Amino acid sequence: MPDPAPLRILHLDDDLVAVSKPGGMAVHRGPRSTDGERFALQETRAAIGHHLFPVHRLDKATSGILTFGLSKDSAARLQRSLANAEKDYLVLARGHAPDHFESHQELTSDAGNYQPAHSEFETLARFFRCSLLRARIHTGRTHQIRRHLDHLAHQVLGDTTHGKGRINQMFRKRHGLPRLCLHAWRLCFDHPSSGERIELIDPLPHDLATFLIGLPGAPREFLAGLARERTPDLHALRPAPRPTMSYVSHLESTADGSQLEAGTLQQVHGGKPILVRYDLERTKAELSRDEVLRRPADLWRWSELLPLQDHRHRVSLGETETPLLDCPRLATELGVRSLKIKDESRLPGGSFKSRGMALAISMAHELGVGRVAVPTAGNAGGALAAYAARCGMDAVVVMPSDTPVVNRLEAELHGAHVEVLDALIDVCGARVREHWVPQGWFDVSTLREPYRIEGKKTMGLELAAQCGFRLPDAIFYPTGGGTGLIGMWKAFAELDALGWLEDPKRPSMFACQSTGCDPIVRAFDQGLDHGVALDAPHTEASGIRVPKALGDFLILRAVRESGGRAMATAEAELHHWLRLTMRTEGIALCPESAACLGALRDALRDGHLSADSEVVVFNTGAAQKYVEFLEAARAAGG
C-alpha cells in the first residue's frame, strides 16, 4: 500500500503554522490511540523540525484547517486572536434546511455546566434529502456545529455521536459514505504579531467532494468549484521560503545624492531630507501587480515597496484603504467634469498622519528606538502618541498654544508628554532638536527622518489601484510640510518603473495653501527653488501653518515636473468651502483640504486646468477634530 499523502501546508511563518488535516486524523496522541495511527501534531513537527503548540483544535472526525503556535507565547497570542476570528465550515446535513438559520442553544461542558453557544447557518445547495450548509461559529464549544444541528433535526451526515444512526447507515450502505461530512473550510484572523488580516482557505477535500458529487441530484459543477481551489498535487510539508518584506536597496541624500545604508537610523544629510530607494528591477521581476491586489486592501499590502524588513516589527492600528468618493454635485458647482475626494479621515486617529507614523514608528521599533519626539500644529502629535503607545514607546509632543484642542487632548490621553509653547511650529521643531534630541529622543519631525514619507507614499499607490492604474489628470493636495505630495510623486515614479501603470501620464500636482500661510505659493510665483520664510503666518488650517518647510525644494520640484502649480485660497473663504462640501456631498472636510477647493476653482477660472479634467482632492483629516473651526464656520454661515 502506498504511503498516505503528507499534510498540506496552508501557512507558515515565524509564529504559526496551519495545515490541512484530513478527516479521521487525530490532532495528537491520546490514551485511546492505536499503533500505526497518524497524528497531525507529530507529522507537522517532524516535517518542519520545530516544537508545536496546538491552538485551533478540530476533533478527529472533522477535516480542515488546523493551526499550531511555534512557541508558548505565539500560541497564547494566537489563541486570543482566534477568539474573534471568522470560522467557517462546510457541512452536509440531513433534510432540506432553510436558507438562513441559527442556533443559540446552550451546550454543556465536559463538567456538565451549561455554556452560551451561537452558530449561524446558510444553505448553499439542497439535494437528495440533504443540504449543503455553510456554518459560522461565534463560540468554541465542543462539537458545537454537530450538537446544534442535532438540536435542529438537521444532523450532520456521518456523525456517529450526535447524528441519527439509521440515516448514517442508509447513506453508508447506498452511497458509500466514507466519513463525517464536516470540513473547516475558512479561517480569517488577525496575525498574532503583525496584526495583518490572514485568510486561510482549505476547499472541499477529495474524499468529501467525490462522495458529494456522486449523490443523486448533486449540483456537480457547483461542488467541483468548491473543490477546485485545492492544489491537485499535494506535496510534503516543508518550511515555505520567507517572503521578502522589502526590496529597499539604499537611502539617498537629497543634498548631494550620497548613498547611505538601508535600514539605519538617520535624520538628515547635509541638512537635507533622505529618501528611501528600492531595487525596482528586481521587484518588477519577482512581484506582480495582481499578487499585490489579491491581498487585503490596506497600507501593508504594499510591503515590498515599504522599508520595513520584518513584519513582526510592524506597528499597526488597522490602516485600511480609504474611500475614493465621487462628488458630482460639487463638480457641477465648480465646473469640472469629474471630481473625487479621497477621504483620509477614515484612518486611525482620523487623519492621513497615520500613514506616515505607522511607518516611522515601525521602523523606529525595528531599529531599537525607545523614545520619540515630534513638533506638531495639528494631527501629527496625536498620531505619534497613538503609535508609540501601541508598541510601548515613550513620546514627547511639542505644539503651539493655538493648536486645536482635540489634537492636544488625544496626544495627552495616549500617554505622550505634551509641551505647549506660545510660538509657531518652527520654534517647536527647534525645541525638539535642541532640548529633547540631546537627551536621547529620536526626532520624527517632517522629513527629518526618511520613513514617514514612505507611509505617505501609499496614498499614491492606493489611488493608482483604485483608478485601475490610470491616474487622474490633477491632484489637489493641502501642503504644509509636503510629505504627502512628495511621497505621491515618488510613488507614481516607482509604479511607472515597475510597468504597473496602464497609462504613463502622471497627474498635475497642485500644492494648495491658504493666503494666511503661503510660502510655497510665493516661491512658485517668483520662480524660486526654495520656500519664502514667513515671519507671522496665521491660518485656521493649522496643519498647513508651516512658515518654512524642510522639503520645500522637493515640493516645488514635484509641482513643476508634473505641470502643476502652487496656489493659495483666501483665508476668509475656508469656512465657505467646508460648508459647501458638507451640504452638497455630506463629506466633513478638514480646513486644510478646504483650501484645495478654492485653488481648484481658481485653477479652472485662470485656465490652469481644463473643465474636462478628472480631479482628485485629498481630504487629509476629519473635520470633527477642528471644533474651533467648525464653530467659526457655523457662525460665519449665519
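Everything below is about the structure shown above.
Definitions and cut-offs
Residues numbered from 1 in each chain as written. Predicted model: local features only at pLDDT ≥ 70, side-chain atom pairs only at ≥ 80, totals over all residues. Heavy atoms only, no water. Pairing = 2+ DSSP bridges. Helix = DSSP H or I, 4+ residues; strand = E, 2+ residues; numbered from the N terminus. Axes fitted to C-alpha atoms, helices over the stretch in contact; angles between N-to-C directions. Parallel < 35°, antiparallel > 145°, perpendicular 65-115°, else oblique. Left-handed = near helix turned anticlockwise from the far one by under 90°. Contact = heavy atoms within 4.5 Å. Nonpolar A, V, L, I, M, F, W, Y, C, P; charged D, E, K, R; others polar. Buried < 20%, exposed > 50% of the residue type's maximum accessible area, 1.4 Å probe, protein only. Core = buried A, V, L, I, M, F, W, Y, C linked by side-chain atoms within 4.5 Å.

Notes on the sheet that holds strand β14 (residues 259-260)
So, point 1. Strand order in the open sheet formed by three strands is β14-β13-β15, with antiparallel pairing between adjacent strands. Across the chains shown, the open sheet's two edge strands, defined by having one partner strand only, are β14 and β15 (274-278).
So, point 2. Relative to β15, strand β13 (residues 248-253) is paired through five bridges, and the arrangement is antiparallel. Residue pairing for β15: S253 is matched across the bridge by I274.

So, the packing of helix α14 (residues 452-466) against helix α15 (residues 483-498)
So, point 1. Packing of α14 against α15 leaves a shortest axis separation of 7 Å and a crossing angle of 55°. On the basis of their axis angle, the class for α14 and α15 is oblique. The handedness of the crossing between α14 and α15 comes out as right-handed. Contacts between α14 and α15 pair I453, E454, K456, K457, M459, G460, L461 and A464 from the former with T483, G484, I486, G487, M488, K490, A491, F492, E494 and L495 from the latter.
So, point 2. In terms of residue class, the contact of α14 with α15 is built from nine nonpolar, four polar and five charged.

Quick word on unusual backbone geometry
So, point 1. In this structure, H143 is a non-glycine residue whose phi angle is positive, near 55°.
So, point 2. Position of H143 relative to the elements: it lies in the loop between β10 (130-137) and α3 (144-151).
So, point 3. A residue is classified by how much of its surface remains accessible, and H143, at 25% relative accessible area, is partly exposed.

Brief notes about the environment of L78
So, point 1. Within the secondary structure, L78 sits in helix α2 (residues 72-82).
So, point 2. With sequence-adjacent residues up to four places away left out, L78 is seen in contact with L16, V55, T67, F68, G69, F189 and P192.

Topic: the environment of A388
So, point 1. Structurally, A388 can be placed in helix α11 (residues 380-391).
So, point 2. What makes A388 buried here is its relative accessible area of 0%.
So, point 3. Expressed as a C-alpha distance, the spacing of A388 and L157, which sit 231 residues apart in the sequence, is 52 Å.
So, point 4. Ignoring anything within four residues of it in the chain, the contact list for A388 reads I361, V372, M393 and A395.

Observations regarding the pairing of strand β17 (residues 338-343)
Side chains on a regular strand alternate between the two faces of the sheet.
So, point 1. Burial analysis of β17 places five of its six residues in the buried class, which makes it a mostly covered element.
So, point 2. As paired elements, strand β16 (residues 324-326) and β17 share three bridges and run antiparallel to each other. Residue D326 lies in a different strand from β17, and its bridge partner there is K340.

Some thoughts on the pairing of strand β25 (residues 614-619)
So, point 1. Across the six residues of β25, five count as buried, placing the element largely inside the fold.
So, point 2. Bridge count between β17 and β25: six bridges; the pairing is parallel. Across the sheet, the residue bridging to D343 is N619, located in β25.
So, point 3. As paired elements, strand β22 (residues 474-478) and β25 share three bridges and run parallel to each other. What sits directly across from A474, in β25, is V615.

Here's the deal with the nonpolar core
So, point 1. Core analysis: the largest hydrophobic core is formed by 83 residues, its most contacted members being V372, L384 and I475.
So, point 2. Examining the composition of this core, we find that eight residues originate from one element, α15, more than from any other.
So, point 3. Of all hydrophobic cores here, the second largest spans 36 residues; its members include L330, A594, A595 and F629.

Considerations on the packing of helix α10 (residues 353-366) against α11
So, point 1. Two elements in contact, α10 and α11, have axes separated by 9 Å at closest approach and are oriented at 40°. Accordingly, the angle class assigned to the pair α10 and α11 is oblique. Handedness of the α10/α11 crossing: right-handed. Two secondary-structure elements touch here, α10 through K353, S354, M357, A358, I361 and H365 and α11 through A380, A383, L384, Y387, A388 and C391.

Concerning the sheet that holds strand β19 (residues 394-400)
So, point 1. Ordered by their spatial adjacency, four strands build an open sheet running β20-β19-β18-β21, and the pairing between neighbours is parallel. Across the chains shown, the open sheet's two edge strands, defined by having one partner strand only, are β20 (417-421) and β21 (442-443).
So, point 2. Where β19 meets β20, five bridges bridge the pair, whose relative direction is parallel. Its bridge partner lying in β20, V397 is registered against V418.
So, point 3. Contacting β19 and β20, helix α12 (residues 405-413) runs over the sheet at an angle of about 150° to β20.

These figures come from the coordinates and say nothing about function on their own.
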